[in-house]
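Okay, here's what each chain looks like letter by letter:
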Amino acid sequence: MRLTGTRLTNTRLLDGVRAKVLAALGTTAVLGAAGLVACSGGEDEPGRVGVAKVASTLGPGEGVLNLVTLPGYIENGGNDPRVDWVTPFEERTGCKIGWKVVTTPHEMADLMRDGGRHYDGVAAPPEVAGRLIAENQVVPVNTDLVDGYKKLEPTLRGLLERDDRYFGVPYVWGSNLLVHDARSVLQPSSWAALFDPDQARRYSGELVMRDSPLSIAEAALYLKGAEPDLDVADPYSLTPEQLAAAGRVLKEQRPHVAEYWELPADAVSAFAAGGAVLGQAWPYHVDVLNRASQPVRGAVPAEGVTGWMDAWMISSRAQHPNCMYQWLQWTASADVQQQVAEWTGVAPANPQACSGDRLRPGFCSAYRVGDRDYLESVIFAHTPRADCGRKPGEDAEEKPGEAKCTSYADWTRTWIESTKL
């Protein structure tokens, strides 16, 4: 879904800086080319979690593995012969991989729901993971069968834990920072710099926002401080009143937004050309622009930052479970995690990817890999649910008089109404 917005017209400057950016990118250029798109359509409210059987033992590989993935998450050397973690896996296990690349969470959820298709696993972002759990489209993982699972970050492992069952193996993660050009904007200390009407007007036409319904959470964090009477607790579990307030904030902000970026390269280009000076972006953007000698900085506002974690999940219709478990082990390993992180420009779930000289100097500090204090402070995204469950797929008891929350479909409608109509 391509969003409208003020076009960046400084093409001469952009061409020169783009060359510097691409030189700095190295293998992470794939993220800009393909992008981890976070734009989705409305969904029906998911059902309740059922009882699923966990694998107890593994047998020999079935010879085939069918997966659904986001761009750049599976590479066999086709885009760059130096980037290939598929061929060694196939040679070692005998499991031949076929995969379907999707560009939106909506498409991913639809594929996994299609009873006529039999994918073994999926690399799911948070807005998909919660729905798949709630709809029984995925089964719990026996983590004892995944070598290296306990080496993954504990905070990430817990994000998909339900009643002592684990529904996914963390793959990569990131956080949403308040990014600014240090030449034009003083270090901001609050999301108010981006959402307060008076402050947003100060940089009108120079703001960027990520194109995703989940970006509503940042507006909710702003409201947590700006309108305490709304009583925002979890920015991903909003009552109708809180969601409506966030929608109004976004609608007021819209005239000042230069770009709602869906491809990460769009945000890089906006800052590189000088057309953007403040916005919502990732450590990836700060890292790439800094390596291109652009004075762009990422701030952690006083209200906190949100984040996301993508995980491999096992389909409830998996026909090749042994190969799937071998894939889970393979992708959790430090060597593969290093390749994925370097290629996609996101943080690896296994901090051992930063040991030795696996990753270039500065990468792990830029992406906060191994920073447990920071990880524990990030408010990680989950699927917004009408039952106010903090974790997707987790049953929540409704108490008399307790406010109901809003679903992901509600969030999607609010996002479209606030930023596109």
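Conventions and cut-offs
Sequence order sets the numbering: in each chain, residues are counted from 1 along the sequence as written. The predicted nature of this model means local features are confined to residues of pLDDT at least 70 and side-chain atom pairs, given and counted, to a pLDDT of 80 or more, with totals for whole chains, interfaces and linings taken over all residues. Remark: hydrogens and water are excluded; side-chain values derive from all non-hydrogen atoms of the structure. Burial status follows relative accessibility: with a 1.4 Å probe on protein chains alone, a residue under 20% of its type maximum counts as buried, one over 50% as exposed, and anything between as partly exposed. Strands here are runs of E lasting at least two residues and helices are runs of H or I lasting at least four, both read from the DSSP assignment and numbered beginning at the N terminus. Each pair of strands is called paired provided DSSP finds at least two bridges between the two strands. Patch building starts from residues that exceed 30% relative accessible area and form no salt bridge, then joins like charges within 9 Å and nonpolar side chains (Val, Leu, Ile, Met, Phe, Trp, Tyr) within 5 Å. Per-residue accessibility takes into account occlusion by the displayed protein chains alone, with areas from the Shrake-Rupley method and a 1.4 Å probe. Should a side-chain nitrogen of Lys or Arg be within 4 Å of a carboxyl oxygen of Asp or Glu, the pair is scored as a salt bridge. Charge assignment: positive for Lys and Arg, negative for Asp and Glu; neither His nor the chain ends contribute. Where a charge lies is defined by one atom per residue type: Lys uses NZ, Arg uses CZ, Asp uses CG and Glu uses CD. Among buried residues, the Ala, Val, Leu, Ile, Met, Phe, Trp, Tyr and Cys ones that are joined through side-chain atoms within 4.5 Å form a nonpolar core. Think of pLDDT as the predictor's per-residue confidence, scored from 0 to 100. Between two residues, a contact is recorded if the distance between any of their heavy atoms is within 4.5 Å. For the purposes of this analysis, a disulfide is any pair of cysteine sulfur atoms at a distance within 2.5 Å. Two rings belonging to Phe, Tyr or Trp (six-membered ring only in the last case) form a pair when the distance between their centres is within 6.5 Å. Interplanar angles under 30 degrees mark stacking, angles over 60 mark edge-to-face geometry, and anything in between is tilted. To get an axis, a line is fitted to the C-alpha atoms, and for a helix only the part in contact is used. The angle between two axes follows their N-to-C directions and goes from 0 to 180 degrees. Small angles under 35 degrees read as roughly parallel and large ones over 145 as roughly antiparallel, with 65 to 115 read as roughly perpendicular and the rest as oblique. Crossing handedness is defined as follows: a turn of the near helix away from the far one that is anticlockwise and smaller than a right angle gives a left-handed crossing, while the clockwise case is right-handed. Charged means Asp, Glu, Lys or Arg here, nonpolar means Ala, Val, Leu, Ile, Met, Phe, Trp, Tyr, Cys or Pro, and polar covers whatever is left, Gly included.

Asks: Before we go on, may I ask you to explain the pairing of strand β8 (residues 207–210) in this structure?
Replies: Remember that side chains alternate between the two faces of the sheet whenever the strand is regular. Taking every second residue as pointing to the same face, both faces of β8 are buried, with L207 and M209 on one and V208 and R210 on the other. Where β8 lies against strand β10 (residues 278–281), 2 bridges are found, and the strand directions are parallel. By the bridge assignment for β10, L207 is matched with L278.

Asks: Which parts of the structure should I look at to understand a negative patch on the surface?
Replies: Together, E227, D229, D231 and E241 make up a region of like negative charge exposed at the surface. By the element assignment, E241 lies in helix α10 (residues 240–253). E241 sits in the exposed class, given a relative accessible area of 56%.

Asks: Got a minute to help me understand the nonpolar core in this structure?
Replies: Generally speaking, a soluble globular protein has its nonpolar side chains buried in company with each other. Ranked by internal contacts, the top residues of the largest apolar core, which has 87 residues, are W85, W312, M313, W327 and L328. Judged by nonpolar contacts, the second largest core, of 37 residues, contains L194, I216, L221 and L278.

Asks: Looking at this structure, how should I read the confidence of the model for the chain?
Replies: Detailed reading of the predicted coordinates is not advisable wherever pLDDT falls low. When pLDDT is averaged along the chain, the result is 86, and 84% of the positions lie at 70 or above. Considering only residues more than four positions removed or in separate chains, one finds that residues 1–52, a stretch of pLDDT under 50, has 135 contacts. For residues 391–400, every residue scores under 50 in pLDDT, and the model assigns this stretch 26 contacts once sequence neighbours within four places are set aside.

Asks: Would you mind going over the state of the cysteines with me for this structure?
Replies: Put plainly, two cysteines are in a disulfide when a covalent bond ties their sulfur atoms together. Within the structure shown, the criterion is met by 3 disulfides. In the chain, numbering the disulfide-bonded cysteines from first to last in sequence yields the connectivity 1-2, 3-4, 5-6.

Asks: Explain helix α12 (residues 283–291) here, please?
Replies: Working note: α-helix, 3.6 residues per turn, so residues spaced by three or four point in the same direction. Counting buried residues in α12 gives 7 out of 9 residues, a clear majority hidden from the surface. Remark: S293 follows α12 within two positions and exhibits a positive phi of approximately 65 degrees.

Asks: In this structure, what is going on with the packing of aromatic side chains? I would like to understand it.
Replies: A ring pair, where both rings are aromatic, is described by two values, the distance of the centres and the angle of the planes. Counting across every chain of the model gives 14 aromatic pairs. When the centroid spacing of 5.5 Å and the interplanar angle of 65 degrees are considered together, the rings of Y171 and W312 count as edge-to-face. Taken together, the residues Y171 in strand β7 (residues 169–181) and W312 in strand β12 (residues 306–315) connect sequence positions 141 residues apart. When sorted by exposure, Y171 lands in the same class as W312, which is buried. For the pair W173 and F380, a centre-to-centre distance of 6.3 Å together with 65 degrees between the ring planes defines the contact as edge-to-face. Remark: F380 occurs in strand β14 (residues 379–380) and W173 occurs in strand β7; sequence separation between them is 207 residues. Residue classification places W173 among the buried residues on the basis of a relative accessible area of 1%. You can call F380 buried: its relative accessible area is 9%. Taken together, the ring pairs connect Y73, F89, Y171, W312, W327 and W330 into an aromatic cluster.

Asks: Quick question: what am I supposed to make of the packing of helix α4 (residues 105–113) against helix α5 (residues 126–134) here?
Replies: Relative placement of two packed helices is described by the angle separating their axes and the distance separating the axes. Taken N-terminus to C-terminus, the directions of α4 and α5 make an angle of 25 degrees; their axes are 9 Å apart at the nearest point. Between α4 and α5, the angle is such that the two are roughly parallel. As α4 packs across α5, the resulting crossing turns out to be right-handed. Residues P105, M108, A109, M112 and R113 of α4 pack against E127, V128, R131 and L132 of α5. For the contact of α4 with α5, the residue count by class is 6 nonpolar, no polar and 3 charged.

Asks: When you look at the packing of helix α9 (residues 216–226) against α10 in this model, what are you seeing that I'm missing?
Replies: Put simply, α9 and α10 touch, their axes get as near as 9 Å, and they point 100 degrees apart. Relative to α10, the element α9 lies roughly perpendicular. Contacts from I216, A219, Y222 and L223 in α9 reach Q242, L243, A245, A246, V249 and L250 in α10. Taken together, the residues of the contact of α9 with α10 break down into 9 nonpolar, 1 polar and no charged.

Asks: I tried to follow the side chain of E90 on my own but got confused; where do I start?
Replies: Along the chain, E90 turns up in helix α3 (residues 87–93). A relative accessible area of 17% means that E90 is categorised as buried.

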